[in-house]
Amino acid sequence: MTQPNPDHMLEATKLALENVQNTTGGPFGAVIVQNGIIIARGRNQVTSSHDPTAHAEVVAIRAAAQLLQTFDLSGCEIYTSCEPCPMCLGAIYWARLERVYYGCTQADAAAIGFDDQFIYEELALEKSQRKLPMLELNRQGALPAFEAWSRSSGKIEY
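Residues numbered from 1 in each chain as written. Predicted model: local features only at pLDDT ≥ 70, side-chain atom pairs only at ≥ 80, totals over all residues. Heavy atoms only, no water.

Chemist: Any details on the layout of surface pockets? Residues and values, ideally.
Modeler: The volume enclosed by the largest pocket comes to roughly 340 Å³. What lines the largest pocket is a set of 23 residues, and nearest its centre among them are Phe28, His55, Cys85, Phe114 and Asp116. Residue assignment for the lining of the largest pocket shows that the elements contributing at least two residues are helix H2 (46–49), helix H3 (56–68), helix H5 (106–111) and helix H6 (117–124). Ranked by residue count, the leading element in the lining of the largest pocket is H5, at 3 residues. Of the residues belonging to the lining of the largest pocket, the class tally is 12 nonpolar, 7 polar and 4 charged. Taken together, Pro86, Met87, Phe118, Ile119, Glu122, Leu123, Arg130, Leu132 and Met134 form the lining of the second largest pocket. Secondary structure elements with two or more residues in the lining of the second largest pocket: helix H4 (86–95) and H6. (1 Å grid on protein atoms, 1.4 Å probe; cavity = no way out; pocket = protein on both sides within 12 Å on 5 of 7 lines; lining within 4 Å. Points joined across faces, edges and corners; volume = space filled by probe spheres on them. Helix = DSSP H or I, 4+ residues; strand = E, 2+ residues; numbered from the N terminus. Nonpolar A, V, L, I, M, F, W, Y, C, P; charged D, E, K, R; others polar.)

Chemist: Mind laying out the packing of aromatic side chains, listing which residues take part and the relevant values?
Modeler: Scanning the entire structure with this criterion turns up 4 aromatic pairs. When the centroid spacing of 5.9 Å and the interplanar angle of 70 degrees are considered together, the rings of Phe71 and Tyr158 count as edge-to-face. Of the two residues, Phe71 sits in the loop between H3 and strand E3 (76–82) while Tyr158 sits in the segment after helix H7 (139–151), which places them 87 residues apart along the sequence. Look at Phe71 and you get partly exposed, because its relative accessible area is 42%. With relative accessibility at 61%, the residue Tyr158 sits in the exposed group. Ring pairs connect the aromatic residues Phe71, Trp94 and Tyr158, which therefore count as one cluster. (Phe/Tyr/Trp six-rings, centres within 6.5 Å; stacked < 30°, edge-to-face > 60°. Buried < 20%, exposed > 50% of the residue type's maximum accessible area, 1.4 Å probe, protein only.)

Chemist: Pulling in residues and values, what's your account of H4?
Modeler: All of the buried residues in H4 are Pro86, Cys88, Ile92 and Ala95. Check the buried side of H4 and you find it contacts H3, E3, strand E4 (99–104) and H6. Remark: Arg96 follows H4 within two positions and exhibits a positive phi of approximately 65 degrees. (Contact = heavy atoms within 4.5 Å.)

Okay, structure coming up:
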């Protein structure tokens with residue numbers, strides 16, 4: 001296990017503070033590190049880009065994936081100014097990042113209006129009990145794409 005580098009966390013928190021000072025998004029920053037070197041940076045750009053998925057961690061993951069020309073970020077770590085929200089945590093798992101270092105906690109984020117607890121609670125519920133209706137529609141029409149993928153010799157597994 002690699003030792004955490006306080007300088008990397010300092011960079012993530014610096015990005016977060018600059019983001020607030022520049023009014024370009026929320027108080028979140030993240031860096032992705034490979035072999036001890038920062039290879040990608042991300043700041044929350046939700047409001048400036050009009051993209052609800054443009055959280056600092058997702059922006060950093062996208063930048064690292066483009067730089068490395070791969071969707072598999074195994075061998076990389078992420079330093080983020082705040083404990084990742086459910087969406088970012090999912091993206092971190094999908095990207096196969098090997099470790100997450102975070103500064104502020106979920107509780108710290110909730111205290112300033114970024115409370116994701118309701119999402120965690122919703123995910124734990126049965127689909128039929130969630131506030132957001134989730135209804136299956138035309139499964140038979142959707143299955144052919146899955147069947148084609150299953151048979152495809154040219155697919156790239158991820």
